[in-house]
Amino acid sequence: MKFGPLPLDQADGALLAHSLSVPGLRLKKAHRLSTTDIAALRAAGIESVIGAMLEFGDVPENEAAARLAAALSIDGCEVREPATGRVNIHARDAGVFTVDRAIIDAINRIDPALTIATLAPFDTVEPGQMVATVKIIPFAAPEAALRAAIDAAGAREAFAVHRFRSRRVAVIQTTLPGVKSSILDKTTRVTSDRLSRSHSTLATELRVPHEDEALASALSNLDPATDLVLVFGASALCDWDDVIPAAIRRAGGTVERAGMPVDPGNLLVLGSISGRTVIGAPGCARSPKPNGFDWVLDRLIADLPVTAADIAAMGVGGLLMEIPVRPQPRDLAPAETRPIVHAAILAAGRSSRMHGPNKLLSEFDGKPLIRRVADAVTSSRVDATHIVLGHQRDRIAAALDGLDVAFVDNPDYADGLSASLKAAERALSPEVSGLLVVLGDMPGVTASAIDAMLDAFARSGGQAIIRATDAGKRGNPVLLPRALFAEIERIEGDTGARHLVEGASLPVVDVELGAAASLDLDTQDAVRLAGGNIVEDA
C-alpha cells in the first residue's frame, strides 16, 4: 500500500486519509475517489489529496477484519458486520468470558496492521456486551500477514462466553446473640439480587446457631434438588478448623480451599458435600459491592470449575478495593451519586418521506406526536431534556408549550441527523455523564422504558453504551456515555448514533423494549397504521 500526497491525476481509486468538503460535495475519510469526485475536487481548485493506493497483495480493511474474525474459534458470541476496518464481537447471553491469551498474543505479534482486543479473562458480561474487537489499523492488511493470523486463530478456541445456568440455591446464615435480624434480611436480599442475573432462585433460606454441629445438620438435610449452597457465618473465619470448614467436614464433605488472595474476599471457604458445591461466603459478600466471592460464584454458575489452584492464581488483579461497580447485579447508587443523564429529542428533520405534512405534528389521541414523545421523556428520571429544532421550528416549539424542556437550535438540520447530534452534544454541561438520544417519531417509547435504560447505565457506572432492542434487534433510543461525546463531532451526513455504537470499543448493554424500540414513523401510511392522524401544514 502506498500512502501520502497524491496529485489528482494519480488519485483515481485512492482511499482518502481525511474528510474533504468542497461546494456541493462532502467526502468521508476512507472514501474511494472516483473520476467524478476528482473532477469536482479539481473544479474547486484542489490539486492533490492525502490518501492510500492499494497494491497487489493488499486486502481492504473491512474484508481483512471480516476474514480474521470469521477464522476465530469462539462460542457464545455474535460477530457483527465490519465497518471502518473493525469487527465487533458481542456476548449473546449473560455469563463469564474466557480467553486463550496465547492465541490472542500470537495474532497481535504477526503484524501491527492486524489487532484483536478482548475483555480480561473471567470478566462477567451482559447480553449484547462487546467482548472483543478485531481492528485493521491501516486501510489494508498484507495478504501474507492475514493468512498467518488466520492460521494462528484457528488453533483452538480463542474465547467464549459461558452462559449462566439457572440454579436452585440454598442460603444458610449462622447466628450469634446480638446479630441483628436486619443484617440477615439484607444478606438474603443482596444474595437474591446477585443470583437474579442468572435467573437462579434462592430456593431455601435457613438460620442456625453459629456452631459446627448445627450447621452440619443443616447442610446434611437440604433438599436434594439444591444445586449450590452459600453459607454466611455470624463470625469471620479465623482458623482452618473454624465453624464453616469444620461443619462441611462433619457433614461428610471436603474442604477444597479456605482463604483466597483477593481483597475484599480473603475469608472465603470452598468445599463440597456429595458432589454439591458449598461456599463459605466472606463477610464482604453481605454487601452488593464486587469482591472475591463474586469471582467464584459467577464461574460456578457458568459451569466453570473452580479449584484450589484456580483460587491461588487470583492474586494478580485481586486487589479490588478501588474497582468500579459492575453492571449487574448491584444495588443502584443513591440519586445524588447516579450518573447525570440528559436526553436529546431529535425534532429538526424535514419529514421528506411524508411528502408535505410534518410527521412530528401528527396527532395520537389528540396530542401531537412530538409532545407525546416529550411527555414520556420528561416523565422519566432523566436530569434534563433538550429538544433539537430546525425545520418548522416555531410549530414544533408551540406543540411543546409548557413542558420542562430546553430548545436547541440546529441551523444545519438539512445536513441530516449528524448535525442534530452535534447540536445536542454541544449543549451539554461538563457534569453530564450520558446523552440519551431519542428520535422524535417514536410513539411507543414510555417513561418506564427510559428508566430501565437509565438503571442499566447506572449499573455500568456510566461507562457502557445502553441500546434499546426489539426481540434482540438493535433499535432506539440509545444512551451514549461521555467517553463517546468527542466521536459525535466526527460523524457526517444523515448518520445517527448507530455508527458510533458499532465502531466503539466500549461495552454495549441491550435493554429489551419490544416493538417500541423499532416503531418509528417515516410515511403517512406508517403514521395511520400506528393509529395517528395526519395534520396538514397550515
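Residues numbered from 1 in each chain as written. Predicted model: local features only at pLDDT ≥ 70, side-chain atom pairs only at ≥ 80, totals over all residues. Heavy atoms only, no water.

### Regarding the nonpolar core
Selection rule: In plain words, nonpolar cores are sets of buried Ala, Val, Leu, Ile, Met, Phe, Trp, Tyr and Cys residues tied together by side-chain atoms within 4.5 Å. Note on exposure labels: buried denotes an accessible area under 20% of the residue type's maximum, exposed denotes more than 50%, and partly exposed covers the range between, all computed with a 1.4 Å probe on protein chains only. Two residues form a contact once any of their heavy atoms are found within 4.5 Å.
If you look at the biggest cluster of nonpolar residues, it comprises 69 residues, and the most contacted ones within it are Leu436, Ile465, Ile466 and Leu480. Aside from chain neighbours lying at most four places away, what touches Ile466 is Met453, Ala456, Phe457, Pro477, Val478, Leu479, Val509 and Val511. Membership of the second largest hydrophobic core comes to 30 residues, among which are Val59, Leu72, Ile89 and Val125.

### Things to note about the pairing of strand β22 (residues 341-347)
Condition: Only DSSP runs of H or I reaching four residues or more are called helices, and only runs of E reaching two or more are called strands; each is numbered from the N terminus. In this description, strands pair whenever DSSP reports at least two bridges between them.
In terms of burial, β22 is largely enclosed, as 7 of its 7 residues are buried. Burial along β22 is two-sided: the residues Val341, Ala343, Ile345 and Ala347 and His342, Ala344 and Leu346 are all buried. Here β22 pairs with strand β27 (residues 434-439) via 6 bridges, running parallel. Bridge pairing links His342 to Leu435 in β27.

### Details of unusual backbone geometry
In this chain, Asp263 is followed by Pro264 through a cis amide linkage whose omega measures 5°. For the bond running from Asn476 to Pro477, omega is 5°, close enough to zero to count as cis. For Pro477, the position within the fold is in strand β29 (residues 473-481). Although it is not a glycine, His199 sits at a positive phi angle of roughly 60°. Residue position: His199 is located in the loop between α5 (181-196) and β17 (201-209). Positive phi is not limited to glycine here, since Ser351 has a value of about 55°. Mapped onto the elements, Ser351 comes out in the loop between β22 and β23 (363-364). Owing to a relative accessible area of 9%, Ser351 belongs among the buried residues under this scheme.

### Quick look at the sheet that holds strand β9 (residues 86-91)
The criterion, for reference: Whenever a helix is involved, its axis is fitted only over the stretch in contact; in every case the axis is a line through C-alpha atoms, and angles between N-to-C directions fall within 0 to 180 degrees.
An order of β8-β9-β13-β11 is seen for the 4 strands of this open sheet, with the pairing classed as antiparallel. Only two strands of the sheet have a single neighbouring strand rather than two, namely β8 (77-79) and β11 (114-118). Neighbouring strand axes in the sheet, compared pairwise and without regard to direction, differ in orientation by 15° on average. The pairing of β11 with strand β13 (residues 130-136) spans 5 bridges and is classified as antiparallel. In the sheet register, Thr115 faces β13, and the bridge partner there is Lys135.

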